[in-house]
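Per-entry structural report
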Amino acid sequence: ETGVTQTPRHLVMGMTNKKSLKCEQHLGHNAMYWYKQSAKKPLELMFVYNFKEQTENNSVPSRFSPECPNSSHLFLHLHTLQPEDSALYLCASSQEGATSYYEQYFGPGTRLTVT
Amino acid sequence: ILNVEQSPQSLHVQEGDSTNFTCSFPSSNFYALHWYRWETAKSPEALFVMTLNGDEKKKGRISATLNTKEGYSYLYIKGSQPEDSATYLCASRDNYGQNFVFGPGTRLSVLP
């Protein structure tokens, strides 16, 4: 166990549905991340939150909406997704600091299928 | 935008063999290079964080080196075991922010 949990582990949703992915870290970290891994592609960074403030948004479509209510929880709200959004969504956390170099701890991921 | 490459894409070795693979990354504005090990159905697990040119890190039978001037890192596994079978990812970060860019990974299979 890495100290980062994600729910649900699997999700099937239609293109008109609204759903949310949840991530929780029990490590006392102050930075959290959402990544996407599509088939045959490298992990792609989607969003970064540092001290609950979003610091990176890598041109992600607005149908993905992150929320970070506190430093332990991170959500990814999904609405009107497309079949090409089917992927593994990974959450990670790290401790920001002068010498930490942001070593990340990953959750197990949510396997999302959009039908 | 960083572009991180890894080679080979996949590798099959016999138990007991030593092996190595490569991660290449842009050397300009380099900040840190991360190695992860990702077993099927598990979370990626951090192996090393490397920052200085010439850095060498070791964890058991696994070691890594870093050359920031030419933009590459090697990961070595000595005496491979079946439990080493996994995808090995590297990720580079430049000093502009918290933007990690991952390589596509090297998938290692160690045959008993």
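Since we're looking at a predicted model, the values are computed, not measured.

Examining the interface of chain A and chain B
- Facing 23 residues of chain A, the contacting portion of chain B comprises 19 residues.
- Summed over both sides, the interface of chain A with chain B buries roughly 1,800 Å², with 59% coming from carbon and sulfur.
- At the junction of chain A and chain B, the tally comes to zero salt bridges.
- Applying the counting rule to chain A against chain B returns three residue pairs in polar contact (both at pLDDT 80 or more).
- Those elements that provide at least two residues to the side of chain A that touches chain B are strand 4 (31-37), strand 5 (44-50), strand 6 (53-57) and strand 9 (87-94) of chain A.
- For the side of chain A that touches chain B, the element with the most residues is strand 4 of chain A, which contributes four residues.
- Its residues placed into classes, the side of chain A that touches chain B shows 14 nonpolar, seven polar and two charged.

Some points on the pairing of strand 2 (residues 10-14) of chain B
All names here are of chain B.
- Residues L11 and V13 line the buried face of strand 2, whereas the alternating positions S10, H12 and Q14 sit on a face that is not buried.
- Where strand 2 and strand 11 (residues 106-111) come together, five bridges link them in parallel fashion. The residue of strand 11 that forms the bridge with S10 is R107.

Examining the environment of A:A39
- In this fold, A:A39 is placed in the loop between strand 4 and strand 5.
- Sequence-wise, A:A39 and A:E53 are 14 residues apart; in three dimensions their C-alpha atoms are separated by 30 Å.

Regarding unusual backbone geometry
Residues and elements named next belong to chain A.
- Here the amide bond leading from T7 into P8 is cis, since omega sits at -10°, within 30 degrees of zero.
- Examined against the element boundaries, P8 turns out to sit in the loop between strand 1 (4-7) and strand 2 (10-13).
- Backbone geometry places K40, a non-glycine residue, at a positive phi of 65°.
- Of note, K40 is situated in the loop between strand 4 and strand 5.
- The class of K40 is exposed, set by a relative accessible area of 88%.

Regarding the pairing of strand 6 (residues 56-59) of chain B
Residue and element names in this part refer to chain B.
- In this structure, strand 6 lies alongside strand 7 (residues 62-67), joined through four bridges in antiparallel fashion. Counted as the bridge partner of K57 is A64 from strand 7.
- Once strand 6 ends, the chain turns through two residues before running back antiparallel as strand 7, passing G60 with a positive phi of about 65°.

Regarding the state of the cysteines
Residue and element names in this part refer to chain A.
- Tallying each qualifying case throughout the model produces two disulfides over all chains.
- Between C23 and C91 runs a disulfide, and the two sulfur atoms are separated by 1.9 Å. Residues C23 and C91 are joined through a disulfide that is left-handed, its torsion about the S-S bond being -75°. Of the two residues, C23 is situated in strand 3 (residues 18-25) and C91 in strand 9; the sequence distance between them amounts to 68 residues. For the pair shown, C23 and C91 are each scored as buried.
- C91 provides the cysteine sulfur closest to C68, a residue in no disulfide bond, and the two sulfurs are 9.1 Å apart.

Some thoughts on the sheet that holds strand 1 (residues 5-7) of chain B
All names here are of chain B.
- The sheet built from five strands is open, its strands ordered 1-3-8-7-6 with antiparallel pairing. In this open sheet, the two strands that pair with only one neighbour each are strand 1 and strand 6. For this sheet, the mean angle separating the axes of adjacent strands, direction not counted, is 15°.
- Direction of pairing for strand 1 relative to strand 3 (residues 19-24): antiparallel, over a ladder of three bridges. The residue bridging Q6 from the neighbouring strand is C23, located in strand 3.

Remarks on the sheet that holds strand 3 of chain A
Residue and element names in this part refer to chain A.
- Taken in spatial order, the four strands of this open sheet run 1-3-8-7, and their pairing is antiparallel. In this open sheet, the two edge strands, each paired with only one partner strand, are strand 1 and strand 7 (64-70). Here the average twist between neighbouring strands, direction ignored, is 20°.
- Two elements, strand 3 and strand 8 (residues 73-79), share seven bridges in a ladder whose sense is antiparallel. Each bridged residue has a counterpart across the sheet, and for C23 the counterpart in strand 8 is L74.

Definitions and limits used
Residues numbered from 1 in each chain as written. Chains lettered and ligands numbered in written order. Predicted model: local features only at pLDDT ≥ 70, side-chain atom pairs only at ≥ 80, totals over all residues. Heavy atoms only, no water. Contact = heavy atoms within 4.5 Å. Buried area = accessible area lost by both parts, 1.4 Å probe. Salt bridge = Lys/Arg side-chain N within 4 Å of Asp/Glu carboxyl O. Polar contact = N/O pair within 3.5 Å; in protein donor to acceptor, adjacent residues only side chain to side chain. Helix = DSSP H or I, 4+ residues; strand = E, 2+ residues; numbered from the N terminus. Nonpolar A, V, L, I, M, F, W, Y, C, P; charged D, E, K, R; others polar. Buried < 20%, exposed > 50% of the residue type's maximum accessible area, 1.4 Å probe, protein only. Pairing = 2+ DSSP bridges. Disulfide = S-S within 2.5 Å. Axes fitted to C-alpha atoms, helices over the stretch in contact; angles between N-to-C directions.

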